[in-house]
Amino acid sequence: MSLFSGDNGIIFFENVITSTKTLINSGLWKDINHRTLEEWIEYFETDKEKLLCGLILDSLILRSRAQTKSLISNIIEKSIPQIIQTSHPDIAKEFHNIITSKYPGRDLEKIIIVPVIRDIDPPTKSGPLVARLYKKDMGINDKFMQWPWKVSAKAENAKVVIFIDDFVGTGDQFLEFYKSFHFDSSSNDAAEYIYAPLGACEEGIEKINIELPKLKICKAETILEENKFFAGLHLRYKGVDDILLNDIKSTYDAFINKVGHTNLKNKYGYGDLELTYAYAHGTPNATLPILWAANEHYQPIFSR
């Protein structure tokens, strides 16, 4: 008998709900409250829909505010210093002290930190939010931070230019950003250009490496194939065959239509990455929209 056949699917669903509530009560998932969870669960009515709900919650990777802070800490205390150790050992040795210094002096000219954002994006987009996390949680002196459209005036004298972001999926959006501001045409060969997303999909990193070979990339966390909801089901659970996988996908498609998202673009997440990955401050658009896409008929447990 399959792990999810018959009553086993409902038992699995109930166990996952219990585990989820335990995570909320423990404070690990305090960014989800019980009321929001209960209201979301109510949308899943049939046994197949409840199994879908259980599988989504069981595969969910939710990075709390504290965990996001740890990811940022890993970036600025380890990853970036390691990258610039060879080219700029003096900066690498004191990197954290420099960017958190209240009075950085001439060091201010050496480092530029750039949030990944377009000039038409609102302040609620992830770029400005990540910049605020760097400042508030890690004590980064915001004098080092520059909007991308203001970088060119100072980049010629910089030693290190760092693009901060919370997530990279396919890599398309970062490449569009990078090329739109002509960072790829900088004449400052002495500067180390670094892209530092907190979470990153393997295919996105590979694509950026191919198109921008001079750009160095460091990330705090890699999103693996097994983290993809449908593609990774057989890796996360034994006994998931193609028949069961197709049945779960059909249930997902029908549910998306049921809650009023018939014409939703990227119903498996941007680039069909089908992730179940979220931060306390927002959800990447590569994540399944069943977790974040609201309408007048449907309120998910996260927002964008």
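Residues numbered from 1 in each chain as written. Predicted model: local features only at pLDDT ≥ 70, side-chain atom pairs only at ≥ 80, totals over all residues. Heavy atoms only, no water.

(A) Structural detail: the overall build of the protein chain. Looking only at helices and strands, one finds 11 helices and 7 strands in the protein chain. Its C-alpha atoms give the protein chain a radius of gyration of 21 Å, within 12% of the compact-globule value 19 Å for 304 residues. Seen along its three principal axes, the alpha-carbon backbone of the protein chain occupies a region of about 65 × 40 × 35 Å. Per-residue burial over the protein chain gives 50% buried out of 304 residues. When contacts within the protein chain are restricted to residue pairs at least 6 apart in sequence, long-range pairs at least 24 apart make up 67% of them. As displayed, the protein chain offers around 15,100 Å² of accessible surface, 49% of which is attributable to carbon and sulfur atoms. Of the charged side chains in the protein chain, 35 are positive and 41 negative; the average position of the first set lies 7 Å away from that of the second. (Helix = DSSP H or I, 4+ residues; strand = E, 2+ residues; numbered from the N terminus. Rg over C-alpha atoms; globule rule 2.2 N^0.38 Å. Buried < 20%, exposed > 50% of the residue type's maximum accessible area, 1.4 Å probe, protein only. Contact = heavy atoms within 4.5 Å. Areas by Shrake-Rupley, 256 points an atom, 1.4 Å probe, with all protein chains shown as cover. Lys, Arg positive; Asp, Glu negative; His and termini not counted. Charge placed at Lys NZ, Arg CZ, Asp CG, Glu CD.)

(B) Broad picture of the nonpolar core. Ranked by size, the top nonpolar core spans 41 residues in total, and within it Ile32, Trp40, Leu52, Leu55, Leu57, Ile290 and Phe302 carry the most contacts. Going through the elements one at a time, helix H1 (7-26), helix H2 (34-41), helix H3 (47-59) and helix H11 (242-258) are the ones with two or more residues in this core. Counting residues per element, this core draws most heavily on H3, at 6 residues. Formed by 38 residues, the second largest nonpolar core is a distinct cluster that contains Ile75, Ile83, Ala131 and Ala196. (Core = buried A, V, L, I, M, F, W, Y, C linked by side-chain atoms within 4.5 Å.)

(C) Spatial organisation of the packing of aromatic side chains. By the definition in use, this model includes 25 aromatic pairs. Centroid distance Phe12 to Tyr237: 5.9 Å. Interplanar angle 90°. Geometry classified as edge-to-face. Of this pair, Phe12 sits in helix H1 while Tyr237 sits in the loop between helix H10 (233-236) and H11, placing them 225 residues apart in sequence. We classify Tyr237 as buried; its relative accessible area is 9%. Look at Phe230 and Tyr268: their rings are 5.6 Å apart centre to centre, the planes differ by 80°, and that puts the pair in the edge-to-face class. You can see Phe230 sitting in the loop between strand E6 (221-223) and H10 and its partner Tyr268 sitting in the loop between H11 and strand E7 (277-279), a full 38 residues away along the chain. The class for Tyr268 is buried, based on a relative accessible area of 14%. Taken together, the aromatic side chains of Trp147, Trp149, Phe163, Phe174, Phe177, Tyr178, Phe181, Phe183, Tyr193 and Tyr195 make up a single cluster linked through ring pairs. Positioned above the aromatic ring of Phe230 is the side chain of Lys249, whose terminal nitrogen or guanidinium carbon lies 5.2 Å from the ring centre. (Phe/Tyr/Trp six-rings, centres within 6.5 Å; stacked < 30°, edge-to-face > 60°. Lys NZ or Arg CZ within 6 Å of the ring centre and 35° of its normal.)

(D) Spotlight on the packing of helix H8 (residues 172-180) against helix H9 (residues 202-211). Packing of H8 against H9 leaves a shortest axis separation of 9 Å and a crossing angle of 30°. With respect to H9, the axis of H8 lies roughly parallel. Seen from H8, the contacting residues are Asp172, Phe174, Leu175 and Lys179; seen from H9, they are Lys207, Ile208 and Glu211. Per-class residue counts for the contact of H8 with H9 are 3 nonpolar, no polar and 4 charged. (Axes fitted to C-alpha atoms, helices over the stretch in contact; angles between N-to-C directions. Parallel < 35°, antiparallel > 145°, perpendicular 65-115°, else oblique. Nonpolar A, V, L, I, M, F, W, Y, C, P; charged D, E, K, R; others polar.)

(E) Highlighting H8. All buried positions along H8 are accounted for by Phe174, Leu175, Phe177 and Tyr178. On an axial view of H8, the arc spanned by its buried residues comes to 160°, and they lie on one face. Buried-residue contacts for H8 involve strand E2 (111-115), strand E3 (160-168), strand E4 (192-201) and H9. Once H8 finishes, His182 follows within two positions and takes phi at roughly 60°, a positive value. (Arc of directions from axis to C-beta.)

(F) Layout of helix H5 (residues 89-99). Taken as a whole, H5 has its buried residues at Ile91, Ala92, Phe95, Ile98 and Ile99. The arc enclosing the buried residues of H5, seen along the axis, measures out at 125°, which places them on a common side. Buried residues along H5 sit against helix H4 (65-84), E2 and E3.

(G) Main features of the environment of Gly54. Position of Gly54 relative to the elements: it lies in helix H3. With relative accessibility at 0%, the residue Gly54 sits in the buried group. Placed 11 residues apart in sequence, Gly54 and Tyr43 show a C-alpha to C-alpha distance of 13 Å. Sequence-distant contacts of Gly54, defined by excluding residues within four places in its chain, comprise Phe12, Phe13 and Val16.

(H) Fine view of unusual backbone geometry. With a phi close to 55°, Asp272 is a non-glycine residue in the positive phi region. Here Asp272 lies in the loop between H11 and E7. Of note, the phi angle at Glu274 is positive, near 45°, even though the residue is not glycine. By the secondary structure assignment, Glu274 is in the loop between H11 and E7.

(I) Focus on the pairing of E2. Buried residues dominate E2, accounting for 5 of its 5 residues. Direction of pairing for E2 relative to E3: parallel, over a ladder of 5 bridges. When the bridges of E3 are listed, Ile112 appears paired with Val161. (Pairing = 2+ DSSP bridges.)

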